[in-house]
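Structure assessment
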Amino acid sequence: MQKIETKRFRAEIDEHGCQLTHLVNKAGDFDYIWNNDLWPKHAPILFPAIGRSNDDTYLIDGKKYEMPQHGFVADFDFDVVDKQADQVTLSLKSNDATKKYYPFDFELKVTFSLTDDGLTVAFDVQNDGNTDLSYSLGYHPAFNVPINGEGSFDDYRLDLAPAQDSLDTYEIVKKPNPYRSGNVEKLPDYRNGVVELDHDMFAKGLLIIKNTGIKTVKLSSKATQHAVTVDVSDFDHVTLWTKEGANAPFLCIEPFNGLPDVYGDLAELSSKEDNQHLKANGTKKYQVKIELK
């Protein structure tokens with residue numbers, strides 16, 4: 001387990017999956033990140049796929065390859081390549097085990113940097129091969145709601161800034177696992193840039209919002225002085241999720257570059273909808289900035 005800290009915050013990152021497991025407000029002695037067996041994860045990294053693939057497979061030039069839900073990196077140990085008191089960089093390079101799922105040469109570096117304003121998670125994807133690299137990348141942090149136990153889930157709201165007249169989401173169907181139907185719906189409970197949270201809005205599962213200009217998503221409540229603001233400006237979609245039917249006291253705010261499959265459509269990787277692409281020996285950087293109060 002890797003630990004970094006500043007005067008205000010402390011973070012812990014598990015090398016297995018490069019997963020943020022704790023993000024602690026030291027003065028208040030509380031954790032912003034979810035830790036409970038109701039959903040036994042915390043903040044997984046999604047790569048090189050998002051969501052579930054049809055038949056847990058996809059195609060490369062017509063040949064089937066297995067692909068676990070949300071990709072495979074959550075099941076691999078990352079190497080620590082740099083460590084400072086307030087920052088740590090971890091790396092996963094392609095190897096024989098990753099190539100069973102994804103027959104490409106790549107390196108995924110993730111840098112966690114703490115300041116007294118919050119945490120930045122920076123992703124560096126490198127194509128070490130000589131062909132196009134097609135992939136999805138997502139971040140899946142689960143935040144405790146209520147924050148510091150103050151108020152209840154229904155007391156909280158999301159401010160999606162800058163405000164827009166309406167926002168589109170992708171209809172989700174369960175077969176029995178969640179897939180896209182191919183249809184588009186309006187984001188429920190959204191008015192003038194604000195979503196008032198309740199568990200009913202997640203009855204059908206996750207809400208994948210098309211990012212048509214959203215820069216930040218702020219989680220807050222009048223019941224607390226604390227808040228979480230996630231900068232999603234490097235990502236094409238923003239997903240909201242909590243465990244449906246459980247009245248769970250957490251909310252995932254997930255920046256996505258890429259999408260789950262449409263049900264029944266086995267995807268060819270090179271043309272998979274909204275995938276990212278990297279030319280041979282290219283690199284691409286993304287970051288998720290989490291401001292904390």
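For the structure, see preceding data.
Residues numbered from 1 in each chain as written. Predicted model: local features only at pLDDT ≥ 70, side-chain atom pairs only at ≥ 80, totals over all residues. Heavy atoms only, no water.

As for its position among the elements, Thr239 is in strand E23 (residues 237-241). Here Thr239 falls in the buried class, since its relative accessible area comes to 0%. Sequence-distant contacts of Thr239, that is, excluding residues within four places in its chain, are made with Leu206, Leu207, Ile208, Cys252, Ile253, Glu254 and Phe256. (Helix = DSSP H or I, 4+ residues; strand = E, 2+ residues; numbered from the N terminus. Buried < 20%, exposed > 50% of the residue type's maximum accessible area, 1.4 Å probe, protein only. Contact = heavy atoms within 4.5 Å.)

Glancing now at the sheet that holds strand E4 (residues 30-31). Strand pairing within a sheet occurs via backbone hydrogen bonds; the two strands may be parallel or antiparallel. The strand order E1-E2-E3-E4 describes an open sheet built from four strands, whose pairing is antiparallel. Two strands close off the open sheet at either side, each with one partner strand: strand E1 (2-5) and E4. Pairing of strand E3 (residues 19-25) with E4 involves two bridges; the strand directions are antiparallel. From the neighbouring strand, Val24 faces E4, where its bridge partner is Asp31. (Pairing = 2+ DSSP bridges.)

In this structure, Phe112 and Leu219 are the most contacted members of the largest nonpolar core, which totals 73 residues. Here this core gets five residues from one element, more than from any other, and that element is strand E10 (residues 106-115). Beyond its immediate stretch of four places on either side in the chain, Phe112 contacts Ile4, Ile13, Cys18, Leu20, Asp86, Gln87, Val88, Leu90, Leu119, Thr120, Val121 and Tyr139. Core analysis: the next-biggest nonpolar cluster, separate from the first, contains twelve residues, Trp34, Ala142, Ile172 and Trp241 among them. (Core = buried A, V, L, I, M, F, W, Y, C linked by side-chain atoms within 4.5 Å.)

Moving on, we come to the pairing of E10. Of all ten residues in E10, eight are buried; the element is thus mostly enclosed. Two strands pair when backbone bridges link them, and strand E9 (residues 87-93) and E10 are joined in this way by seven bridges, in the antiparallel orientation. Residue Leu90 lies in a different strand from E10, and its bridge partner there is Val110. Across ten bridges, the pairing between E10 and strand E11 (residues 118-127) is antiparallel.

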